[in-house]
Amino acid sequence: MNLFDKVSEDIKTAMKARDRVALDTLRNVKKCFLEAKTAAGSNGELNDPDALKIIQKLVKQGKESAEQYTAASRQDLADEELGQVKVMEGYLPKQLSADELETRLKEIIQRVGATGPKEMGKVMGVASKELAGLAEGRAISSKVQELLA
């Protein structure tokens, strides 16, 4: 079962369970999937890697919104966003721990042959592709900067 079908099935489950947060979140995810399927230049299909990118983007947006709500002293809205993020994170692969991320990045740096901060772009290009979905871009970037310094 691909990710699109799984989300569709989980919408039905959320309806039966009367889980409002999951239902609203999954409907939004499915809407984004449908928009991607019908976008100009697409072939009407949505493969799992593209679906994961959409979910990652939505998770990132949700976390950023929650930060802004917290800064504006609107904890109720921040909690709502974080609840939606938690539902979406259930569809993402397990994220790397800080130690695992550091180990993988050291391997990539060694493989690429980077020796200093000037070669960060070279490392980031490889790391972003290999670690897509396993760690946030911000975490990868800061760790690469730290390791090359």
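Residues numbered from 1 in each chain as written. Predicted model: local features only at pLDDT ≥ 70, side-chain atom pairs only at ≥ 80, totals over all residues. Heavy atoms only, no water.

**Some words on the packing of aromatic side chains**
Each pair of aromatic rings is reported with the distance of its centres and the angle of its planes.
Part 1 of the argument: Applying the stated rule across the entire model yields one aromatic pair.
Part 2 of the argument: Aromatic side chains Phe 4 and Phe 33 sit 6.2 Å apart centroid to centroid with 40° between the ring planes, which places their arrangement in the tilted category. In this pair, Phe 4 sits in helix H1 (residues 3–17) while Phe 33 sits in helix H2 (residues 20–38), placing the two residues 29 residues apart along the sequence. Both residues of the pair, Phe 4 and Phe 33, belong to the buried class. (Phe/Tyr/Trp six-rings, centres within 6.5 Å; stacked < 30°, edge-to-face > 60°. Helix = DSSP H or I, 4+ residues; strand = E, 2+ residues; numbered from the N terminus. Buried < 20%, exposed > 50% of the residue type's maximum accessible area, 1.4 Å probe, protein only.)

**Here we look at the pattern of salt bridges**
Part 1 of the argument: For the structure shown, the criterion picks out twelve salt bridges.
Part 2 of the argument: With its nearest N and O atoms 3.4 Å apart, the salt bridge here joins Lys 12 to Glu 9. With a gap of three residues between them, Lys 12 and Glu 9 both fall in helix H1, about one helical turn apart.
Part 3 of the argument: Classification of Lys 12 by relative accessible area gives partly exposed; the value is 47%.
Part 4 of the argument: Here Asp 24 and Arg 20 are joined by a salt bridge, their closest N and O atoms 3.9 Å apart. Taken together, the positions of Asp 24 and Arg 20, both in helix H2 and four residues apart, correspond to about one turn of that helix. (Salt bridge = Lys/Arg side-chain N within 4 Å of Asp/Glu carboxyl O.)

**Concerning the side chain of Lys 143**
Part 1 of the argument: Looking at where Lys 143 falls in the secondary structure, it is placed in helix H7 (residues 137–148).
Part 2 of the argument: You can call Lys 143 buried: its relative accessible area is 14%.
Part 3 of the argument: Residues contacting Lys 143, with those up to four places away along its chain left out, are Leu 101, Glu 102 and Leu 105. (Contact = heavy atoms within 4.5 Å.)

**Quick word on the environment of Gln 61**
Part 1 of the argument: Relative to the assigned elements, Gln 61 resides in helix H3 (residues 48–71).
Part 2 of the argument: Since its relative accessible area comes to 38%, Gln 61 is described here as partly exposed.
Part 3 of the argument: Linking Gln 61 and Ser 141, residues 80 residues apart in sequence, is a C-alpha distance of 18 Å.

**Considerations on the packing of H2 against H3**
Part 1 of the argument: The geometry of H2 relative to H3 is characterised by a closest axis approach of 10 Å and an angle of 130° between their N-to-C directions. Classified by the interaxial angle, the pair formed by H2 and H3 is oblique. Helix-helix and strand crossings are classified by hand; for H2 and H3 the assignment is right-handed. Contacts from Asn 28, Val 29, Cys 32, Phe 33 and Ala 36 in H2 reach Ala 51, Ile 54, Ile 55 and Leu 58 in H3. (Axes fitted to C-alpha atoms, helices over the stretch in contact; angles between N-to-C directions. Parallel < 35°, antiparallel > 145°, perpendicular 65-115°, else oblique. Left-handed = near helix turned anticlockwise from the far one by under 90°.)

**A word on the nonpolar core**
Part 1 of the argument: Residues Val 7, Val 29, Phe 33 and Ile 55 are the most contacted members of the largest nonpolar core, which totals 21 residues.
Part 2 of the argument: Where this core is concerned, the elements lending two or more residues are H1, H2, H3 and helix H4 (75–89).
Part 3 of the argument: Examining the composition of this core, we find that six residues originate from one element, H2, more than from any other.
Part 4 of the argument: Residues in contact with Ile 55, not counting those within four places in the same chain, are Leu 3, Val 29, Phe 33, Met 88, Tyr 91 and Leu 92. (Core = buried A, V, L, I, M, F, W, Y, C linked by side-chain atoms within 4.5 Å.)

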